[in-house]
Amino acid sequence: MIRSYLRENRRKKVLIVASDTSDSIKLDWRKRCQSHGAFYVELEHTNKLNLARAVGLNNISAIGITDEGLAAEIIKLVRPGGEDNAKDQSV
């Protein structure tokens, strides 16, 4: 589902990845985000279990933010100066 989310024609896309996701998966998501114009956010202190609990699911390593308003606010939080200063779309 995340792959199709990244291919969607949305103005603001954010992918959040858990800290204990394998390096190869993180690299794959990072490349996909760059090619589809999505912001990549890698959590430093939140593992897959806690990320899944936060969104009411089980055993997930990444989530895509579908609400563009929420995506915009996340972008503002992770980038100094907000969305206007975010040229490199990975965090």
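Note: the structure precedes this text.
This report concerns the structure included in the present document. Everything numeric in this text was worked out from a predicted model, so none of it was measured.

**Some details on the overall build of the protein chain**
And then number 1: Per the secondary structure count, the protein chain includes four helices and three strands.
And then number 2: Here the protein chain, with 91 residues, has 35% of them falling under the buried criterion.
And then number 3: When contacts within the protein chain are restricted to residue pairs at least 6 apart in sequence, long-range pairs at least 24 apart make up 66% of them.

**Concerning the pairing of strand β2 (residues 39-42)**
And then number 1: For strand β1 (residues 14-17) and β2, the ladder comprises four bridges, and the chain directions are parallel. Its bridge partner being in β2, valine 17 is matched across the sheet by glutamate 42.
And then number 2: Note that the unit made of β1, helix α2 (residues 23-36) and β2 has a crossover that is right-handed.

**A look at the pattern of salt bridges**
And then number 1: In total, this model carries five salt bridges according to the counting rule given.
And then number 2: Note that aspartate 28 and arginine 32 form a salt bridge whose closest N and O atoms lie 3.1 Å from each other. Taken together, the positions of aspartate 28 and arginine 32, both in helix α2 and four residues apart, correspond to about one turn of that helix.
And then number 3: With a relative accessible area of 27%, aspartate 28 lands in the partly exposed category.
And then number 4: Residue glutamate 73 is joined to lysine 76 by a salt bridge in which the shortest nitrogen-to-oxygen separation is 3.4 Å.

**Focus on the sheet that holds β1**
And then number 1: Across the sheet, three strands lie side by side as β2-β1-β3; this open sheet has mixed pairing. A single partner strand is all that each edge strand has here, and the edge strands are β2 and β3 (62-65). When the angles between neighbouring strand axes are averaged without regard to direction, this sheet yields 20°.
And then number 2: The sheet contacts of helix α4 (residues 68-78) involve β1, β2 and β3, and relative to β1 the element is tilted by about 60°.

Rules and cut-offs
- Along every chain, residues carry numbers that run from 1 in the direction the sequence is written.
- Local features in this predicted model are restricted to residues whose pLDDT is 70 or higher, and side-chain atom pairs enter the listing and the counts only when it is 80 or higher, whereas totals over whole chains, interfaces and linings include all residues.
- Calculation of side-chain values draws on the structure's entire complement of heavy atoms; hydrogens and water are dropped beforehand.
- Numbering goes from the N terminus for both helices and strands, where a helix is a DSSP run of H or I of at least four residues and a strand is a run of E of at least two.
- The cut-offs for exposure are 20% and 50% of the maximum accessible area for each residue type, with area from a 1.4 Å probe on protein chains only; residues under the lower value are buried, those over the upper are exposed, and the others partly exposed.
- Contact definition: two residues touch when any of their heavy atoms are within 4.5 Å.
- A pair of strands is treated as paired once DSSP finds two or more bridges between them.
- Think of it like this: strands point away, you trace from the first strand over the helix to the second, and a clockwise trace means the crossover is right-handed.
- Criterion for a salt bridge: a side-chain nitrogen of Lys or Arg within 4 Å of a carboxyl oxygen of Asp or Glu.
- Only C-alpha atoms enter the line fits that serve as axes; for helices the fit covers just the stretch in contact. Angles between N-to-C directions range over 0 to 180 degrees.

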